[in-house]
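Understanding the architecture of this molecule
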Number of protein chains: 2
Amino acid sequence: MSNAPTDRTRLRRMYERGHYDKDTLYSILDATPQCFVGYTIDGAPYVTPTFHWREGNHIYWHGSSASRALKSSNEAQVCVTVSLLDGFVLARSGMHHSANTRSVMLFGTAQKVTDPEEKEAKLCRFVDGLFPGRAASLRPNTTQELKATTILSLEINEASAKIRTGGPGDDEEDYALPIWAGVIPVKMVAGPVEPDPRNLPGVEVSDDVKNWRGIG
Amino acid sequence: MSNAPTDRTRLRRMYERGHYDKDTLYSILDATPQCFVGYTIDGAPYVTPTFHWREGNHIYWHGSSASRALKSSNEAQVCVTVSLLDGFVLARSGMHHSANTRSVMLFGTAQKVTDPEEKEAKLCRFVDGLFPGRAASLRPNTTQELKATTILSLEINEASAKIRTGGPGDDEEDYALPIWAGVIPVKMVAGPVEPDPRNLPGVEVSDDVKNWRGIG
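Not measured: the values here are computed from a predicted model.

Looking now at the interface of chain B and chain A. It is common to give the size of an interface as the accessible area that goes away when the parts come together. The interface is formed by 94 residues belonging to chain B together with 94 residues belonging to chain A. In total, chain B and chain A occlude about 7700 Å² of area from one another, counting both sides; carbon and sulfur atoms represent 64% of this. The largest share of the area that chain B buries against chain A comes from B:M95, B:R139 and B:W180, three residues that together contribute 10% of it. One can count eight salt bridges joining chain B with chain A. Ionic pairing is found between B:D171 and A:R139, a salt bridge with its closest N-O pair at 2.9 Å. Remark: the boundary between chain B and chain A carries 32 residue pairs in polar contact (both at pLDDT 80 or more). Across the side of chain B that touches chain A, the residue classes break down as 55 nonpolar, 21 polar and 18 charged. Bridge count between strand β9 (residues 182-190) of chain A and strand β9 (residues 182-190) of chain B: five bridges; the pairing is antiparallel. Its bridge partner being in β9(B), A:V189 is matched across the sheet by B:K187.

Written out as structure tokens, the structure is:
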């Protein structure tokens, strides 16, 4: 990513187990829509949970045009963080307990997507990214809906990733202790779909739902 | 929480579906250890994923004393956000797609826990909160380990919560469309435990692991 010796570069250097190649960043960003957008209002930090999606080397997120979070992030420095929890790592001392996670922090200046056609295309991509083919099956967005929606983008430029996998790393002498150590893997799974009671008779679960990409 | 008409109060007012009673806040904070800490460095926002735990009306998080994230958060304004994803809500228009989530944003000034005995007690509580009874079974923390660990606390004072449950809420006329709508529920589940290959012969999975509280 950027090689400028900024404060953020220094932060990245402190990150253990750093993985900075774009394929790694992309794979983590694509593994879940959940992200946490950091921004400031009057110098104070805020972290808003939302959904993101990626197209090429940008991520996008959206919400109501009235949203203070979005207004405060537009053309402002943001930090967008994604973190997937893969497991609890239990060691023989408290200190070596850990967690298996895949995380990305993205830094930069968020920019609004302003062109209505581009906004519509982005929103369709967001839906289709989760549920392939669904956007074309929906009632199209109205002009008013598009106006009421703000989409922000962030170029994937200054970024850091951190991945931890595997079992505990204990102090050598602690391996002699009769303490159970290991990993409790966790993952996000989907339950049976819950059809809306107002679905029309004969409307079955669509392929886009059957083919949803899952999380993790 | 605080009734001061601050900017943050205004932010809270904009939050849809607000639930501000402490039991609701506590139940969301207790449902997962995963949190996202927002802080600033030179005015720029950062969001660091970490684990928290709650004792009474405070939450705590910890890390290496060398951590820039912790140093920058200590005695500084922070925003700690927790968000649990419970489901994807599929509607008949893109606009009414949504997500079932439980989220909390906490605001305030983080404070370091400085007393070594208190630090030890807090760390044990963290471990026991996830794996009841485990702390007493472990090799105790050393003075050096405690010194190398920073624990930050935040009082649960200024806060906001947001909960969405249930199916889609479509525009009335869209219910006539032959589009499948409904919810894909998701949850975090644990897989089979993976014992460390270096566990001593005869050391079986301990009760604290069998009784771990899960997530969600």
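Moving on, we get to helix α2 (residues 22-31) of chain B. Within the sequence span of α2(B), burial applies to B:T24, B:L25, B:Y26, B:I28, B:L29 and B:A31. Buried positions along α2(B) lie against β2 (44-55), β3 (58-64), β4 (77-90), β5 (98-109) and β8 (158-163) of chain B.

On to the relation of the copies chain B and chain A, then. Turning chain B through 180° and shifting it by 0.0 Å along the axis lays it on chain A, with an RMSD of 0.0 Å. Given the turn and translation reported, the copies of this chain are related as if by a two-fold rotation axis. Relative to the rotation axis, the closest C-alpha in chain B is found at B:M188, a distance of 2.1 Å. With an isologous cut-off of 70% or more, the 100% of interface residues of chain B that recur at the interface of chain A puts this contact in the isologous class.

Each aromatic ring pair is specified by the distance between its two centres and by the angle formed by the two planes. Evaluated as defined, the whole model comprises 17 aromatic pairs over all chains. Here the aromatic rings of A:W53 and A:Y60 are separated by 5.9 Å at their centres, their planes lie at 25°, and the arrangement is stacked. Linked through ring pairs, A:F51, A:F131, A:W212 and B:F88 together constitute an aromatic cluster. Just above the ring of B:Y175 sits the side chain of A:R198; from NZ or CZ to the centre is 3.6 Å. Between the NZ or CZ atom of B:R54 and the centre of the ring of B:Y26, over which it lies, the distance is 3.9 Å.

Quick look at the pairing of strand β7 (residues 149-155) of chain A now. If a strand is regular, its side chains alternate between the two faces of the sheet. Residue and element names in this part refer to chain A. Summarising burial for β7: six of the seven residues are buried, a large majority. With seven bridges joining them, strand β3 (residues 58-64) and β7 adopt antiparallel strand pairing. Looking across to β7, one finds that W61 is bridged to L152. As defined by bridge partners, strand β6 (residues 111-112) adjoins β7 across two bridges and the pair is classed as antiparallel. Following the sheet pairing, Q111 is matched in β7 by S153.

How each quantity is defined
- Residues numbered from 1 in each chain as written.
- Chains lettered and ligands numbered in written order.
- Predicted model: local features only at pLDDT ≥ 70, side-chain atom pairs only at ≥ 80, totals over all residues.
- Heavy atoms only, no water.
- Contact = heavy atoms within 4.5 Å.
- Buried area = accessible area lost by both parts, 1.4 Å probe.
- Salt bridge = Lys/Arg side-chain N within 4 Å of Asp/Glu carboxyl O.
- Polar contact = N/O pair within 3.5 Å; in protein donor to acceptor, adjacent residues only side chain to side chain.
- Nonpolar A, V, L, I, M, F, W, Y, C, P; charged D, E, K, R; others polar.
- Pairing = 2+ DSSP bridges.
- Helix = DSSP H or I, 4+ residues; strand = E, 2+ residues; numbered from the N terminus.
- Buried < 20%, exposed > 50% of the residue type's maximum accessible area, 1.4 Å probe, protein only.
- Least-squares fit on C-alpha atoms with pLDDT ≥ 70 in both.
- Phe/Tyr/Trp six-rings, centres within 6.5 Å; stacked < 30°, edge-to-face > 60°.
- Lys NZ or Arg CZ within 6 Å of the ring centre and 35° of its normal.

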